[in-house]
Amino acid sequence: MKPFSEILKNQEFTRAELVQLLSSEGDERQQLFQRAQTVKLETVGNKVYFRGLVEFSNICAKDCLYCGIRKSNEKVIRYEATDDEILEACRFAWVNRFGSVVLQSGELSSPAFVKRVDLLLRKIKELSSGELGITLSCGEQTIETYRQWRKSGAHRYLLRIESSNPELYRKIHPENEFHRFDRRLQALKDLKTTGYQVGTGVMIGFPFQTIDDLADDLLFLKQIDVDMVGMGPYIEHEDTPLYEFRNRIKTKQERFDLALKMVATLRLLMPDINIAAATALQAIDPSGREKALTIGANILMPNLTPCDYRKEYQLYEDKPCLDEDAELCRNCLEARIELAGCEIGYGEWGDSKHYLK
Ligand code: SAH
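Residues numbered from 1 in each chain as written. Predicted model: local features only at pLDDT ≥ 70, side-chain atom pairs only at ≥ 80, totals over all residues. Heavy atoms only, no water.

Engineer: Mind showing me how you'd approach the overall build of the protein here?
Structural biologist: When helices and strands are tallied, the protein shows 15 helices and 10 strands. Rg of the C-alpha trace for the protein: 19 Å, near the compact-globule value of 21 Å for 357 residues, within the 12% margin. Scored against the burial criterion, the 357 residues of the protein give a buried share of 59%. Put simply, of all contacts in the protein between residues at least 6 apart along the chain, 76% involve residues at least 24 apart. Here the protein displays about 15,000 Å² of accessible surface, and carbon together with sulfur accounts for 50% of that area. The protein carries 49 positive and 55 negative side-chain charges, and their two centres are separated by 3 Å. (Helix = DSSP H or I, 4+ residues; strand = E, 2+ residues; numbered from the N terminus. Rg over C-alpha atoms; globule rule 2.2 N^0.38 Å. Buried < 20%, exposed > 50% of the residue type's maximum accessible area, 1.4 Å probe, protein only. Contact = heavy atoms within 4.5 Å. Areas by Shrake-Rupley, 256 points an atom, 1.4 Å probe, with all protein chains shown as cover. Lys, Arg positive; Asp, Glu negative; His and termini not counted. Charge placed at Lys NZ, Arg CZ, Asp CG, Glu CD.)

Engineer: Is there a simple way to explain unusual backbone geometry in this structure?
Structural biologist: Most peptide bonds take the trans form, and the phi angle of most residues other than glycine is negative. Positive phi outside glycine occurs at serine 129, with the angle close to 50 degrees. Inspection of the secondary structure puts serine 129 in the loop between α5 (111–127) and β3 (133–137). Since its relative accessible area comes to 58%, serine 129 is described here as exposed. The backbone phi angle of aspartate 318 is positive, close to 60 degrees, even though this residue is not glycine. With respect to the helices and strands, aspartate 318 occurs in the loop between α13 (307–310) and α14 (326–339).

Engineer: Any chance you could explain the site of the ligand here in plain terms?
Structural biologist: Contacts to the ligand come from 19 residues, most closely from Tyr66, Ser105, Arg160, Glu162 and Ile235. A distance of 3.0 Å separates a nitrogen atom of the ligand from a polar backbone atom of tyrosine 66. In the environment of the ligand, an oxygen atom lies 2.8 Å from a nitrogen or oxygen atom belonging to the side chain of arginine 160. When the ligand sits alone it has 550 Å² of accessible area, and the protein chains cover 92% of it. Among the residues forming the shell around the ligand, the class breakdown is 10 nonpolar, 5 polar and 4 charged. (Near = heavy atom within 4 Å. Polar contact = N/O pair within 3.5 Å; in protein donor to acceptor, adjacent residues only side chain to side chain. Nonpolar A, V, L, I, M, F, W, Y, C, P; charged D, E, K, R; others polar.)

Engineer: What exactly am I supposed to notice about the side chain of threonine 305 here?
Structural biologist: As for its placement among the helices and strands, threonine 305 is situated in the loop between β9 (299–300) and α13. Engagement of the side chain of threonine 305 in a polar contact is seen with the side chain of glutamate 55, the distance being 2.9 Å. Beyond its immediate sequence surroundings of up to four residues, threonine 305 is in contact with Leu53, Val54, Glu55, Tyr79 and Arg310.

Engineer: Is there a simple way to explain α14 in this structure?
Structural biologist: Note: α-helices contain 3.6 residues per turn, so residues at a spacing of three or four share the same orientation. Here α14 spans 20 Å end to end across 14 residues, near enough to the 20 Å set by a 1.5 Å rise per residue. Every buried residue of α14 is accounted for by Ala326, Cys329, Arg330, Leu333 and Ile337. Buried residues in α14, looked at end-on, bunch into an arc of 95 degrees, giving them a common side. Residues of α14 that are exposed and point more than 90 degrees away from the buried face comprise Glu338 and Leu339. Where α14 is buried, its residues contact β1 (47–57), α4 (83–95), α12 (288–293), β9, α13 and β10 (343–344). Downstream of α14 by one or two residues, glycine 341 has phi in the positive range, about 75 degrees. (Expected span 1.5 Å × (residues − 1). Arc of directions from axis to C-beta.)

Engineer: What's the story with the pattern of salt bridges in this structure? I'm lost.
Structural biologist: Between side chains of opposite charge, a pair can form as their charged atoms come close. Under the criterion given, the structure shown has 27 salt bridges. A salt bridge links glutamate 55 to lysine 319; the nearest nitrogen and oxygen atoms lie 2.9 Å apart. Of the two residues, glutamate 55 sits in strand β1 while lysine 319 sits in the loop between α13 and α14, which places them 264 residues apart along the sequence. Looking at glutamate 55, the relative accessible area reads 2%, which means it is buried. Note that lysine 123 and aspartate 83 form a salt bridge whose closest N and O atoms lie 3.1 Å from each other. Note that lysine 123 is positioned in helix α5 and aspartate 83 in helix α4, a separation of 40 residues in sequence. On the basis of relative accessibility, which here comes to 24%, the residue aspartate 83 falls in the partly exposed class. In this structure, a network of salt bridges that share partners links the residues Lys62, Glu107, Glu140, Glu162, Arg183 and Arg184. (Salt bridge = Lys/Arg side-chain N within 4 Å of Asp/Glu carboxyl O.)

Engineer: Help me understand the packing of aromatic side chains in this model?
Structural biologist: Any two aromatic rings considered together are summarised by their centre-to-centre distance and by the angle between their planes. Using the criterion set out here, one finds 11 aromatic pairs in the structure. Taken together, a centroid distance of 6.0 Å and an interplanar angle of 90 degrees make the contact between phenylalanine 50 and tyrosine 346 edge-to-face. Of this pair, phenylalanine 50 sits in strand β1 while tyrosine 346 sits in the loop between β10 and α15 (353–356), and the two are 296 residues apart along the sequence. Judged by relative accessible area, which is 1%, phenylalanine 50 ranks as buried. Owing to a relative accessible area of 23%, tyrosine 346 belongs among the partly exposed residues under this scheme. An aromatic cluster of three or more residues is present, and its members are Phe50, Phe92, Phe98 and Tyr346. Lying over the aromatic face of tyrosine 196, arginine 150 brings its terminal NZ or CZ to 5.9 Å of the ring centre. Of note, lysine 171 hangs over the ring of phenylalanine 208, and the distance from its end group to the ring centre comes to 4.9 Å. (Phe/Tyr/Trp six-rings, centres within 6.5 Å; stacked < 30°, edge-to-face > 60°. Lys NZ or Arg CZ within 6 Å of the ring centre and 35° of its normal.)

Engineer: When you look at the pairing of strand β8 (residues 274–277) in this model, what are you seeing that I'm missing?
Structural biologist: Side-chain alternation along β8 places Asn274 and Ala276 on one buried face and Ile275 and Ala277 on a second face that is also buried. In this sheet, β8 lies alongside strand β7 (residues 228–233) in parallel orientation, the contact comprising 4 bridges. Its bridge partner lying in β8, valine 229 is registered against isoleucine 275. At this point the chain moves from β7, through helix α10 (residues 252–269), to the parallel β8, and the crossover so formed is right-handed. (Pairing = 2+ DSSP bridges. Right-handed = clockwise from strand over helix to strand, strands pointing away.)

These values are about where atoms sit, not about what they do.
Here it is in structure tokens:
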């Protein structure tokens, strides 16, 4: 076996080496973090790009066993933000020179939903004179829908694979045709075919998942050649079926540490991609996202969802910034990012260097 410090210098990594990086503790973990930061600065630089996140609807046709807004959770009050509310949030992003916005929602595929998103895309482009970049995160759709949305102005799409192990995927989703691993994988391929910058990712530390699985997840991300990754710790939610297994998972702190190691290791494996500092990190540690920015991440998604809706978009418990409006959120973030020693890429799209290549 190679010494740890030698592995860190690799350009390619075996599965066993990835496991070793993900298992590092103490001084070795520190070395991993330092190396990831160096690789980040050398490859994508010190800038952090903002993507203003608008969670515009929590209506969802799916029933993922871990997710707080799953269809069967009747405690959730379902909402759909109005066009005006959504456009107002986007205008805030534009005026404040955030390079782009992310429109996220539960998963629907009705013609009415497809059309609504389409119109929103056009209006957002119009209000910002084409300047705001738009990322969508609205789940699995047909290739025609992806094509249509691409034409109307979306240029990036986030769709997490959640786990690249089909067997594990099956364990955290209902067994029916709406929740098939193959379908999700096909959607990622369709997004690529239709010309999006594609982002995916996994949850870290959910029941039954092992370090080997996570190493395989990293290899999967490399193999499908993604442009952007968002991944964060799994966090339990009491109104979901997976809550039953809460005694069989790592502590929150352990999941948090593992998530940071995943980010750092991914930066070594795929130096030129965009990696988001996931919001779920902040649900465990108040400065969780900034910590991710100092060890490899370069994207941050300030929440611009109208405050009244936020408590109904609780994917997991302790989701942060429930009552902080966009302005407060921005001021607070600026300070935090400076503390993390990074610079904000105002007014820039901050496209993935990997995609541009
Ligand atoms: N419906 C869209 C996006 C909304 S959910 C889609 O399917 O892509 C966005 C992400 O939140 C999911 O991909 C999942 O990775 C994450 N998420 C959901 N429940 C979570 C939980 N309990 N803990 C951590 N992350 C969770």
